[in-house]
Amino acid sequence: MNTVISAIALDYPPERLHVYVSDDGGSSLTLYGMKEAWAFARSWLPFCRTHGIKTRCPKAYFSSAEDDEGADLRGTEFFEERKKIKKEFELFRERVMRATENGGIGDKSISGDHPPIIEVIGAEEAEMPILVYVSREKRPSHPHHFKAGALNVLLRVSSMISNSPYILVLDCDMYCNDPASVRQAMCCHLDPKLSPSLAFVQFPQRFHNISSNDIYDSQMRSAFSTLWEGMDGLDGPVLSGTGFYMKRVALYGTSIQYDTSLTELRQTFGYSDEFIKSLSPKYLPNRSNGGDSLSVILKEAQLLASCQFENQTKWGEEVGVLYHSVSEDVVTGYTLHCKGWTSVFCVPSRPQFVGSSVTNLNDLLVQGTRWSSGLVDVGISKFCPFIYGPLKTSFLENICYSELSFFPFYFLPVWCFGTIPQLCLFHGIPLYPEVSNSFFGVFAFIFLSACSKHLLEVILAGGSIQTWSNEQRIWMIKSVTSHLYGSLDAIMKRIRMRKASFLPTNKVADSDHVKLYQMGKFDFRISTTVLASMVTLVVLNMVAFMAGLARAIVFGNWEKMLIQVLLSLYILIMSYPVIEGMILRKDKGRIPYSVTLLSIVFAMVFLTLGSVVLLY
C-alpha cells in the first residue's frame, strides 16, 4: 500500500495519472487496503505538494529525516501539519494491519479459482488520480502465464478506463522515491530525436535494505552499473521487470496498420470491438454518465480480464508481454529491440524507485533459480539470440543478449573447475603446466587479468575489495546451485518433462534473517538438495587441498602441482562462510550436521568413483 500511495503521489497532472493494482489472489484484503490507502492519500498528496516533499512513500518519509532538512525554515505550521499527517498514517496502518490479523475481512483469496474483479476507486475526485483494483479471472484448468499474463490483462483493462499512451510498471515493493521520475521519463519519450523509435525508459533498481557488507550481492551491481550502462550505448538496456516507462503502442506489435481489416485485428487482439477502438491514438475513454457509463466500461473490462479472452489470439505470442519465458521482461525487451525499437537507461543521482532486496540465502537462490530458468528459456527457444537476432538488431546488442541468455550455463565450467582438478590433485596427477614452463605465465595471466577486470569494474562503480570478494563468492555459489537447477528446469520444460512454474520472491523480511544479514553471516536454512551440492564441493576441495599440500611437501613436486593447489586454496578462501557454517557457528543459521555428514559421504563417493575412472 505504501507503493500504491507513492504512485498516486507522482508529480503529474492527476487527470492524466491512473494507478492500477493487479491482485492475482483476488484478495478482499488487498482491495480493502487500497481503499484505505486512497483515503489516506487525500490528505497525503496536498501535504506533499504544499511542502515540496520528495520522498512520497509515507513509510520511507516518516522513517527518514532526509526531507526534513531545512524544516526549521518552514515554521510551526509545517510541524503541526506533519504531526497530524503522521497520526493519520499510523491510524491507516493500524486499520490495515488489524484487517490482516483478522484474516482479511472474511477473505477467501489465494484460491486460484475466481471470476474477474475490477473496481474503480475515486472516479468522482477531480484532484486525485483514480485507483483501479484488477483481479483477473483465474481457473485451475486454464494457463495464466504468471506475471506476463497479469501485465497483459492490465494493458487491456487500462485501455478501457484510461488508455494512457505511457505505462509505468512497478513491483509491489518498489516504491516511487522521487515524484519527478515520470517527468524525466517523458523528457526521453517526447524528445524528437529519440521518440519515434523509443519503446521504454528503464531506471535502475535500488534497495533500501542493503547492509554495509552486502554478503549476497543484493544490489546487483554487475547488471545495473556495468552491463545495462554498456548496452545504453548500443540500442538500449534490457527490460528489467520493474521501474520502467513503456510506450503502450510498442507492446501492440506491428499489427496496427491503417489498412488492417477488422477480421485481422480480431484474430490478433481478440473479439472486443471496444478494445479494438482503443488501438486508435485518438481514442479517449468516456467515463462520464453522459457517454458510456462506468458500469458499461467495467463490464467490457471484465471480459478483457477473463480466461477465455486470449484464446485464438496473438496475445503473448506477438502482442503484449510475451509468454515464452518466466523471464518475460527479457524476452519482451529483446523482441522489441529486434523490431527496431530502442530503450534508454536513465540514472539520476537520486534513486527514482527503491525496493526490498533479498536478505537471506534461500530467497536469493530461489530468485536466482527462477531467473536462470527464464534466461535459458530464451536461449533454447525460437528467440535464441544466435538465430533470431543477428539480422534484426546490431551485432553488439545481440552479443549482449546472447551472453545474458546463456549466462546460467556457467555452471558447467564452474562444476568442472571445482571437481576435476581436485580429483587429479588428490591422486597427484598434474593438469596444468609446471612453474618453469612458459605456458604457466599464460594461465597466471588469464586468471589475474579476469580478477583485475572484475575488480576494476567494482572500484569504478564505487565498490571495494570486499564488494569484489562478495560478488566472486555469490557468483560461485549461484553457479553450482541456482544456475544448475534453473538450467535443468528450463531444459525439462522444453522437452515437456515438467510444467512451467513461477515462485515469486518473498517480499516479507523475517527478523532472524535480517539480523544475520546485517551481521554479515550467511543464513544456511535452505533446501538440503541445494545446500548439499554446495557443501560437497567445499568438502572435496578441503580434502584435495590437504592431500595435494601433503604430497607437495613430502615429495617436493611443487612445480607440477602449484596451480591445482592454488586453485583449491582460492576456492576455500572464497568458501570461508560455508566452512564457518559447517565447523564454527552454533546459531540457527549454521549448516546442519546432517548436511555436513551427507556432503562428506558424497565427496568420498566422488573420490572413490574418480579413482576407479583414473585407474582404468
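Residues numbered from 1 in each chain as written. Predicted model: local features only at pLDDT ≥ 70, side-chain atom pairs only at ≥ 80, totals over all residues. Heavy atoms only, no water.

Here we look at the overall build of the protein
Cut-off, in case you're wondering: Only DSSP runs of H or I reaching four residues or more are called helices, and only runs of E reaching two or more are called strands; each is numbered from the N terminus. For the radius of gyration, the atom set is restricted to C-alpha positions; the globular benchmark scales as 2.2 Å times the number of residues to the power 0.38. Relative accessible area decides the class of each residue, using a 1.4 Å probe on protein chains only: under 20% of the type maximum gives buried, over 50% gives exposed, and in between gives partly exposed. Residue contacts are defined here by distance: any two heavy atoms, one from each residue, within 4.5 Å place the two residues in contact. The Shrake-Rupley method, run with a 1.4 Å probe, gives the accessible areas here. Residue values count only the displayed protein chains as cover. Note on charges: Lys and Arg go in the positive column, Asp and Glu in the negative column, and His and the chain ends are not counted at all. All charge positions are set by atom: Lys at NZ, Arg at CZ, Asp at CG, Glu at CD.
Counting its regular elements, the protein contains 23 helices and ten strands. The C-alpha atoms of the protein give 27 Å as radius of gyration, which agrees with the globular expectation for 616 residues (25 Å, within 12%). Each of the three principal axes of the protein carries a C-alpha extent, and together these read 95 × 65 × 50 Å. When burial is assessed residue by residue, the protein has 52% of its 616 residues classed as buried. If you take every contact in the protein between residues at least 6 apart in sequence, the share linking residues at least 24 apart comes to 78%. In the form shown here, the protein has an accessible surface area of approximately 29200 Å², with 61% of it arising from carbon and sulfur atoms. Once the 57 positive and 58 negative side-chain charges of the protein are each reduced to a mean point, those two points are 3 Å apart.

Considerations on helix α19 (residues 511–519)
Selection criterion: Summarising the geometry, the arc corresponds to the directions from the helix axis toward the C-beta atoms.
Burial in α19 covers these residues: His-513, Leu-516 and Tyr-517. Here the buried residues of α19 occupy an arc of 100° about the axis, which is enough to place them on one side. Those residues of α19 that are exposed and aimed more than 90 degrees away from the buried face are Ser-511, Lys-515 and Met-519. Where α19 ends, the next residue or the one after it, Gly-520, has phi of about 80°, a positive value.

Describing the UniProt feature "binding site: Mn(2+)" (unreviewed entry) in the protein
What counts is decided by this rule: UniProt positions are given in the numbering used here, feature names are shortened, and annotations may be inferred rather than shown by experiment.
UniProt marks Lys-147 and Asp-171 with the feature "binding site: Mn(2+)" (unreviewed entry), using the numbering shown here. Spanning 25 residues, the annotated positions come together in the fold, the maximum distance between their C-alpha atoms being 10.2 Å. Structurally, Lys-147 can be placed in helix α5 (residues 146–161). Mapped onto the secondary structure, Asp-171 falls in the loop between β4 (166–169) and β5 (175–176). By relative accessible area, which is 22% here, Asp-171 ends up partly exposed.

So, the nonpolar core
For clarity, the threshold we go by: The term nonpolar core refers to a set of buried residues drawn from Ala, Val, Leu, Ile, Met, Phe, Trp, Tyr and Cys, joined through side-chain atoms within 4.5 Å.
Core analysis: the largest hydrophobic core is formed by 59 residues, its most contacted members being Ile-8, Trp-44, Phe-47 and Leu-131. Beyond its immediate sequence surroundings of up to four residues, Trp-44 is in contact with Ile-5, Ala-9, Thr-55, Arg-56, Cys-57, Pro-58, Tyr-61, Phe-62 and Ile-85. Listed in part, the 42 residues of the second largest apolar core include Met-246, Tyr-252, Leu-279 and Leu-298.

Details of the sheet that holds β5
Rules: Two strands qualify as a pair provided that DSSP identifies no fewer than 2 bridges between them.
The strand order across the open sheet formed by three strands is β5-β10-β7, and the pairing between neighbours is mixed. The two strands at the open ends of the sheet, each matched to only one other strand, are β5 and β7 (206–207). Across two bridges, the pairing between β7 and strand β10 (residues 353–355) is parallel. Bridge pairing in β10 links Phe-207 to Gly-355.

Here's the deal with the pairing of strand β3 (residues 130–135)
With six of six residues buried, β3 is to be regarded as a mostly interior element. Neither face of β3 is exposed, since Ile-130, Val-132 and Val-134 on one face and Leu-131, Tyr-133 and Ser-135 on the opposite face are all buried. In this structure, strand β1 (residues 18–22) lies alongside β3, joined through five bridges in parallel fashion. Residue pairing in the sheet places Val-19 in a bridge with Leu-131 of β3. Relative to β3, strand β2 (residues 117–121) runs antiparallel, the two sharing five bridges. Bridging across to β3, Ile-118 finds its partner in Val-134.

Re a nonpolar patch on the surface
Formally: Patch definition: residues above 30% relative accessible area lacking any salt bridge, with like charges linked at up to 9 Å and the nonpolar side chains Val, Leu, Ile, Met, Phe, Trp and Tyr linked at up to 5 Å. Counted as salt bridges are all cases of a side-chain nitrogen of Lys or Arg within 4 Å of a carboxyl oxygen of Asp or Glu.
On the surface, Phe-439, Val-442, Phe-443, Phe-445 and Ile-446 cluster together to form a nonpolar patch covering roughly 530 Å² of accessible area. Here Phe-439 is to be found in helix α16 (residues 439–460).

Considering the environment of Val-96
Relative to the helices and strands, Val-96 resides in helix α4 (residues 76–101). Take Val-96: its relative accessible area is 15%, and that puts it in the buried class. C-alpha of Val-96 to C-alpha of Gln-472: the two residues are 376 residues apart in sequence and 42 Å apart in space. Ignoring anything within four residues of it in the chain, the contact list for Val-96 reads Leu-29, Tyr-32, Gly-33 and Glu-36.

Things to note about the UniProt feature "active site" (unreviewed entry) in the protein
Those residues carrying the UniProt feature "active site" (unreviewed entry) are Asp-24 and Asp-329 in this numbering. Classification of Asp-24 by relative accessible area gives partly exposed; the value is 23%. Beyond its immediate sequence surroundings of up to four residues, Asp-24 is in contact with His-114, Ser-135, Arg-136, Lys-138, Phe-146 and Ala-150. The contact partners of Asp-329, leaving out residues within four places of it in the chain, are Leu-239, Ser-240 and Gly-241.

Some details on helix α12 (residues 361–379)
Filter applied, for reference: In this analysis, the expected span of each helix is defined as 1.5 Å times one less than the number of residues it contains. Polar contacts, as counted here, are pairs of nitrogen or oxygen atoms within 3.5 Å of one another; within protein the pair requires one atom able to donate a hydrogen and one able to accept it, and residues that are adjacent in sequence qualify only if both atoms are side-chain atoms.
Between its first and last C-alpha atoms α12 spans 26 Å; for 19 residues at 1.5 Å apiece the expected length is 27 Å, and the two agree. When you tally the buried positions in α12, you get 15 out of 19 residues, the bulk of the element. Its side-chain oxygen placed 3.2 Å from the backbone nitrogen of Asn-362, Asn-360 serves as the N-cap of α12.

Considering the environment of Ile-297
Along the chain, Ile-297 falls in helix α10 (residues 294–304). Measuring from C-alpha to C-alpha, the distance between Ile-297 and Ser-325 comes to 32 Å, with 28 residues separating the pair along the chain.

Regarding unusual backbone geometry
Look at His-145: it is not a glycine, yet its phi comes out positive at around 60°. Mapped onto the secondary structure, His-145 falls in the loop between β3 and α5. With a phi close to 55°, Met-220 is a non-glycine residue in the positive phi region.

A word on the packing of aromatic side chains
Basically, it comes down to this: When the centres of two rings from Phe, Tyr and Trp lie within 6.5 Å, Trp using its six-membered ring, the rings pair. Their planes under 30 degrees apart give stacked, over 60 give edge-to-face, and anything left gives tilted. Two conditions define a charge located above a ring, namely a distance within 6 Å from the ring centre to NZ of Lys or CZ of Arg, and an angle within 35 degrees of the ring normal.
Enumeration over the complete set of coordinates arrives at 35 aromatic pairs. In this structure, Arg-156 packs its charged tip against the face of Trp-315, placed 4.8 Å from the ring centre. It is Lys-392 that lies over the ring of Tyr-388; its NZ or CZ is 3.6 Å from the centre.

A word on the pattern of salt bridges
Any two side chains of opposite charge can pair, so long as their charged atoms come close to each other. Per the counting criterion, the structure on display carries 20 salt bridges. Of the charged contacts in the structure, one is a salt bridge between Glu-36 and Arg-95, with a shortest N-O distance of 2.7 Å. With a gap of 59 residues between them, Glu-36 in helix α2 (residues 28–51) and Arg-95 in helix α4 connect regions that are remote in the sequence. Exposure remark for Glu-36: the relative accessible area of 14% places this residue in the buried category. Residue Arg-95 is classed as partly exposed on the basis of its relative accessible area, which comes to 29%. A salt bridge links Arg-156 to Glu-310, with the nearest nitrogen and oxygen atoms 2.8 Å apart. With Arg-156 in helix α5 and Glu-310 in the loop between α10 and α11 (328–338), this pair connects stretches of sequence that are 154 residues apart. Overlapping salt bridges, with partners in common, bring together Asp-24, Arg-136 and Lys-138 in one network.

As for the state of the cysteines
Inclusion rule: What counts as a disulfide here is a pair of cysteine sulfur atoms lying within 2.5 Å.
The full count for this structure, using the stated rule, is zero disulfides. Among the cysteines around Cys-172, which has no disulfide bond, Cys-57 carries the closest sulfur, lying 12 Å off. Cys-416 takes part in no disulfide bond, and the closest cysteine sulfur to it belongs to Cys-424, at a distance of 12 Å.

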